[in-house]
Amino acid sequence: MMKNSFRENKRNLESGLSLMETLVYSALLALFLAGTFMFINNLLATTGDVLERNELVANKEFIDAKLGWLVSQATSVTTPASNISANSLTLTGSQPTIFPAVLTLSNGRLMLSLAGGSASAITNNRVTVTSFSIFHVDTSATLQELRATIDLRSTTRPTITSTGNIFTYILQ
């Protein structure tokens, strides 16, 4: 009888996990959870960067469209003078509800004033305009070219920038 109870006790002791096995399994679980956390963290950070880059592109495209529309409606360039570069643009035209149109850089925002009214920002608050320059090339009496250079930076992630964006517009 004693032998049977001894064998049963020995089997009960051997049926569980040893301390070493428990430690190994715990370490493997910890490595798996750490890897999962790092993967999710990197995924979220990358998503935020992509959203900010899209914001810069959207603002750049809006500025390009707005400048293109203004230049297509304008008849002459007042500022900058011919073959000069400046940080503001003044266009004149025949439509009194639009012109004079003035585009300037103020406190990191690109501002537009139409028909002598108050200036409104054409960039949103998630983007800072770090530089804005217009070069007026007067190639002939009938053809004028405007080259706009603009640099943008994300306000929430300052390391994300869009530099050297050059747009060319022909004023006829």
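Everything quoted here is computed from the prediction, not taken from an experiment.

**Considerations on the overall build of the chain**
Alright, step 1. Within the chain, the regular secondary structure consists of two helices and nine strands.
Alright, step 2. Counting from the amino terminus, helix and strand elements in the chain follow one another as α-α-β-β-β-β-β-β-β-β-β.
Alright, step 3. Whereas a compact globule of 172 residues would reach a radius of gyration of roughly 16 Å, the chain reaches 33 Å, over 25% beyond that.
Alright, step 4. Its C-alpha atoms give the chain principal-axis dimensions of about 120 × 30 × 25 Å.
Alright, step 5. For the chain, long-range pairs separated by at least 24 residues make up 45% of all intrachain contacts whose partners lie at least 6 apart in sequence.
Alright, step 6. Summed over all atoms, the accessible surface of the chain reaches about 11,000 Å², with 60% contributed by carbon and sulfur.
Alright, step 7. Within the chain, one finds 12 positive and 11 negative side-chain charges whose respective centroids are separated by 11 Å.

**A closer look at the side chain of N59**
Alright, step 1. Relative to the assigned elements, N59 resides in helix α2 (residues 19–73).
Alright, step 2. N59 gets classed as buried once you look at its relative accessible area, which sits at 5%.
Alright, step 3. A distance of 2.9 Å separates the side chain of N59 from the backbone oxygen of E55, its partner in a polar contact.
Alright, step 4. Those residues in contact with N59 that sit more than four places away from it in its chain are I122, T123, N124, V127 and L152.

**Side note on unusual backbone geometry**
Alright, step 1. A cis amide bond links T79 to the next residue, P80, at an omega of 0 degrees.
Alright, step 2. Take P80: it is sitting in the loop between β1 (76–79) and β2 (84–86).
Alright, step 3. Between F99 and the following residue, P100, the backbone shows a cis peptide bond with an omega angle of 5 degrees.
Alright, step 4. Within the secondary structure, P100 is located in the loop between β3 (88–92) and β4 (101–106).
Alright, step 5. In this structure, N83 takes a positive phi of about 60 degrees despite not being glycine.
Alright, step 6. Mapped onto the secondary structure, N83 falls in the loop between β1 and β2.
Alright, step 7. The phi angle at A115 is positive, at roughly 55 degrees, despite the residue not being glycine.
Alright, step 8. According to the relative accessible area criterion, A115 is partly exposed, its value standing at 35%.

**Comments concerning the nonpolar core**
Alright, step 1. Among the nonpolar cores identified, the biggest contains 28 residues, and L89, L91, L103, L110, L146 and I150 are the most heavily contacted of them.
Alright, step 2. Ranked by the residues each element gives to this core, the list is headed by α2, at five residues.

**Brief notes about the packing of aromatic side chains**
Alright, step 1. The full count for this structure, using the stated rule, is one aromatic pair.
Alright, step 2. With a centroid separation of 6.5 Å and 40 degrees between ring planes, the pair formed by F167 and Y169 is classed as tilted. When sorted by exposure, F167 lands in the same class as Y169, which is buried.

Calculation criteria
Residues numbered from 1 in each chain as written. Predicted model: local features only at pLDDT ≥ 70, side-chain atom pairs only at ≥ 80, totals over all residues. Heavy atoms only, no water. Helix = DSSP H or I, 4+ residues; strand = E, 2+ residues; numbered from the N terminus. Rg over C-alpha atoms; globule rule 2.2 N^0.38 Å. Contact = heavy atoms within 4.5 Å. Areas by Shrake-Rupley, 256 points an atom, 1.4 Å probe, with all protein chains shown as cover. Lys, Arg positive; Asp, Glu negative; His and termini not counted. Charge placed at Lys NZ, Arg CZ, Asp CG, Glu CD. Buried < 20%, exposed > 50% of the residue type's maximum accessible area, 1.4 Å probe, protein only. Polar contact = N/O pair within 3.5 Å; in protein donor to acceptor, adjacent residues only side chain to side chain. Core = buried A, V, L, I, M, F, W, Y, C linked by side-chain atoms within 4.5 Å. Phe/Tyr/Trp six-rings, centres within 6.5 Å; stacked < 30°, edge-to-face > 60°.

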